[in-house]
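# Secondary and tertiary structure notes
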Amino acid sequence: MTKPVVLIAEELSPATIHALGPDFEVRHVNGADRSALLPALADVDAVLVRSATQMDAEALAAARTLKVVARAGVGLDNVDIEAATKAGVMVVNAPTSNITSAAELAVALLLACARNIAPANTSLKGGAWKRSQYGGVELLEKKVGVVGFGRIGQLVAERLRGFGMEILAYDPYVSAQRAGQLGAQLVTLDELLAESDFITIHLPKTPETLGLIGKEALTKVKPTVRIINAARGGVLDEEALAEALREGRVAGAGLDVFATEPCTQSPLFEFESVVVTPHLGASTEEAQEKAGVAVAKSVRLALGGDLVPDAVNVSGGAVAEEVKPGIELVETLGRIFTAIAGAVPVSLDVDVRGEITRFDVGVWGLAAQKGIFRDITEDPVTYVNAPLLAKERGCEVRLLTSELSEDFRNVTTLRGTMADGTTRSVSGTLTGPKMVPKVTEVDGFDLEIPISRHMAFFGYVDRPGVIGVVGQLLGEARVNIAGMQVSRHDASGRAMVALTVDSAIPPELVDEIQAAIGTEVVRVVNLV
């Protein structure tokens, strides 16, 4: 059996290879060399990158069999997530791998600014002993404003409380109660700017945060303030900061990130009171190893067909062990639904009932959509692009849950409204110790028949002899019936026969059966 191919496009820790294990063919390429990267992508299943490899639309188009792009780090500026999603390629990163390293660097920059460590070091190494010139300030009882109180901001606050600092926090997405639990006082941005002796930034770069600490904000700060940015370049306006430093409205700054990188020239570099580092936030041995191991584990999950908690373009997250067996069932129900309905519905309810709803079954909604589109498009359908396909085709999907299930411990129904207003449905469950997948209902007809690779559903007006005719015609064509069940509506006289057969029923035989018994509908399902 051919092993999946994993392409490592940049230098990663040896622990990354170890975490992948022996189940993959591992190849290497210099991802920064475009002429080497593009042909190397042709037949790979996954690619692992850091920041130098550009996985843009061109690279994704060259990777015809690609299933996963794994970024061994946090940022995803070098990955075209929209193009990857359209191609059905999962994008994963390691969102928690560097949080400790980034927090520690922010504290290091803050301390370096407070005590003028960088210029004092340079001066002494240059032969000058200038104790009086490089005096600093203590942190004890000073106020530090943490702009962005997410995981890294909270780690920074935790460490600075150890210095006896008072923590002010600004974050529109954090409650005052939560901030209080973490030892911080939640304030407005203006209050933080006006009251802080130190300001440390821990926000992502978005259209809303770009230039947030800019010219206007820097008119509201104390002239003794020192500002730290170890988050994302561009959140702090570097030109406005340089102007404020030049005019004495800011005392100092520490930057690890810049609006344009690499940055080797900046007006900030002329100030002794500014300490700078070349984007070292994640550059510790521990962070690099954590990132590599985390994405290696994600690749294993993704190529094994599992949902990945760190996938950035797939909703769902971690999947409970109790939920996993039902994923394949619900995807199969989606395939059966499309075969029976003959079209994509304009709306689809994924109705999950029973004890299983005590867990998060959100992944079943994705599985249903994956199944709905799997057999009607030439492009690969994955958990990544299935919701996009549904949106593009005007199919609105809802996930409904209820612990109440009358006939089965758990049962899932896909119920779709078609363009002509009719409703089609298919239900299924897993039964017994072996978790046998079964169809339990089709278009309102109650059934209980194991799911097979080849199935057929015949709807007709109930009358004697129909089953015999069907059996005879299939027998003459040497199509063996593995299982059969008949269900009927007593009030309407309508019936349905569900068959599992050992081989596909040829289209001409379907037409012959339909003509012979006058069926209302014949639907053949081939799950190959």
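Summary of the structure given here. Predicted model only: the values in this text are computed from it and were never measured. Every chain begins its residue count from 1, and numbering advances along the sequence as written. At least 70 in pLDDT is required for a residue's local features to be given in this predicted model, at least 80 for side-chain atom pairs to be given and counted, and no such filter applies to totals for whole chains, interfaces and linings, which use all residues. Calculation of side-chain values draws on the structure's entire complement of heavy atoms; hydrogens and water are dropped beforehand.

Okay, the overall build of the chain next. Labels follow the DSSP assignment, with helices taken as runs of H or I lasting at least four residues and strands as runs of E lasting at least two, numbered in each case from the N terminus. A count of helices and strands for the chain gives 16 helices and 22 strands. For the chain, the C-alpha atoms occupy an extent of roughly 105 × 50 × 40 Å along the three principal directions. Exposure classes here rest on a 1.4 Å probe applied to the protein chains alone. A residue is buried below 20% of its type maximum, exposed above 50%, and partly exposed in between. In the chain, which comprises 528 residues, the share counted as buried stands at 48%. We call two residues contacting when some pair of their heavy atoms lies within 4.5 Å. Within the chain, contacts between residues separated by at least 24 positions form 62% of all contacts whose residues are at least 6 apart in sequence. Computed by Shrake-Rupley with a 1.4 Å probe, the accessible areas treat only the displayed protein chains as cover when residues are assessed. Summed over all atoms, the accessible surface of the chain reaches about 25,100 Å², with 51% contributed by carbon and sulfur. Of the side-chain charges in the chain, 49 are positive and 67 negative, and the distance between the mean point of each set is 4 Å. For the charge count, each Lys or Arg is scored as positive and each Asp or Glu as negative, with His and the chain ends excluded. The atoms used to mark charge sites are NZ of Lys, CZ of Arg, CG of Asp and CD of Glu.

Pairing between strands requires that DSSP locate at least two bridges from one strand to the other. With mixed pairing, six strands are arranged side by side in an open sheet as S14-S13-S15-S16-S17-S18. In this open sheet, the two strands that pair with only one neighbour each are strand S14 (396-402) and strand S18 (445-450). Across the sheet, the mean angle from the axis of one strand to that of its neighbour is 20 degrees, orientation sign disregarded. Where strand S15 (residues 410-417) and strand S16 (residues 423-431) come together, six bridges link them in antiparallel fashion. To obtain an axis, a line is fitted to C-alpha atoms, over the contacting stretch when the element is a helix, and the angle between two such axes runs from 0 to 180 degrees between their N-to-C directions.

Before going further, it helps to examine the nonpolar core. Counting 67 residues, the largest nonpolar core has Ile336, Trp364, Leu414, Val439 and Phe457 as the members making the most contacts within it. If you tally residues by element for this core, the top one is helix H12 (residues 325-341), at eight residues. In this view, Ile336 contacts Val426, Val439, Ile451, Met455, Phe457 and Val525; residues no more than four positions away in its chain are not counted. In this description, a nonpolar core means a group of buried Ala, Val, Leu, Ile, Met, Phe, Trp, Tyr and Cys residues linked to one another through side-chain atoms lying within 4.5 Å.

In this structure, Pro262 follows Glu261 across a cis peptide bond, with omega equal to 0 degrees. Tracing the sequence through the fold places Pro262 in the loop between strand S11 (252-255) and strand S12 (274-276). Here Glu141, not a glycine, exhibits a phi torsion of approximately 65 degrees, which is positive. Assessed through its relative accessible area of 67%, Glu141 is described here as exposed. The phi angle at Met435 is positive, at roughly 55 degrees, despite the residue not being glycine. The topology assignment puts Met435 in the loop between S16 and strand S17 (436-442).

For the rest of this paragraph, the subject is the sheet that holds strand S5 (residues 90-92). Strand pairing in a sheet relies on backbone hydrogen bonds. The paired strands run either parallel or antiparallel. Spatially, S2-S1-S3-S4-S5 is the arrangement adopted by the five strands of the open sheet, whose pairing is parallel. Bordering the open sheet on either side are strand S2 (25-28) and S5, each of which pairs with just one other strand. Neighbouring strand axes in the sheet, compared pairwise and without regard to direction, differ in orientation by 20 degrees on average. For strand S4 (residues 68-71) and S5, the ladder comprises three bridges, and the chain directions are parallel. What sits directly across from Val68, in S5, is Met90. In the packing of helix H11 (residues 285-303) onto the sheet, contacts are made with strand S1 (5-8), strand S3 (46-49), S4 and S5, and the angle to S4 comes to roughly 165 degrees.

Below, the discussion takes up a negative patch on the surface. Patches draw on residues past 30% relative accessible area with no salt bridge. Two like charges within 9 Å are joined, as are two nonpolar side chains (Val, Leu, Ile, Met, Phe, Trp, Tyr) within 5 Å. Think of a salt bridge as a Lys or Arg side-chain nitrogen and an Asp or Glu carboxyl oxygen that are within 4 Å of each other. On the surface, a cluster of negative charge is contributed by Glu104, Glu285, Glu286 and Glu289. The element best represented in the negative patch is H11, accounting for three residues. In this structure, Glu104 sits in helix H5 (residues 99-115).

Any residue with an atom within 4 Å of a point lines the site, the site being either a cavity, points on a 1 Å grid over the protein atoms alone where a 1.4 Å probe fits but cannot get out, or a pocket, an open set with protein on both sides within 12 Å along at least 5 of 7 lines. Grid points are joined across faces, edges and corners, and a volume is the space filled by probe spheres set on the points. The final tally for this structure, using the stated rule, is two cavities of 30 Å³ or more. If you trace the largest cavity, you find it lined by Ala112, Cys113, Asn116, Ala118, Pro119, Glu272, Ser273, Val274 and Val275. The nonpolar class holds Ala, Val, Leu, Ile, Met, Phe, Trp, Tyr, Cys and Pro. Asp, Glu, Lys and Arg form the charged class, and all remaining residues, Gly among them, are polar. Among the residues making up the lining of the largest cavity, the classes are represented as six nonpolar, two polar and one charged.

This next bit is on the layout of surface pockets. What the largest pocket holds in volume is close to 1,500 Å³. At the level of secondary structure, the elements contributing two or more residues to the lining of the largest pocket comprise H5, helix H7 (151-161) and H11. Residues that form the lining of the largest pocket fall into these classes: 22 nonpolar, 18 polar and ten charged. Its volume calculated, the second largest pocket comes out at about 1,100 Å³. Where the lining of the second largest pocket is concerned, the elements lending two or more residues are helix H3 (57-62), helix H4 (81-86), H11, H12, helix H13 (362-374) and helix H14 (386-392). Broken down by element, the lining of the second largest pocket gets its largest block of residues, seven residues, from H12. Taken together, the residues of the lining of the second largest pocket sort by class into 26 nonpolar, nine polar and 14 charged.

The contact between H5 and H7 brings their axes to 9 Å, and the two run at 50 degrees. By the angle class used here, H5 and H7 are oblique. Handedness of the H5/H7 crossing: right-handed. Residues Ile99, Thr100, Ala102, Ala103, Glu104, Ala106, Val107 and Leu110 of H5 form the contact with H7, whose own contacting residues are Ile152, Leu155, Val156, Arg159 and Leu160. Residue composition of the contact of H5 with H7, by class: ten nonpolar, one polar and two charged. Any angle from 65 to 115 degrees is called roughly perpendicular, while one under 35 is roughly parallel, one over 145 is roughly antiparallel, and all others are oblique. Helix crossings fall into two classes, left-handed where the near helix is turned counterclockwise from the far one by less than a right angle and right-handed where it is turned clockwise.

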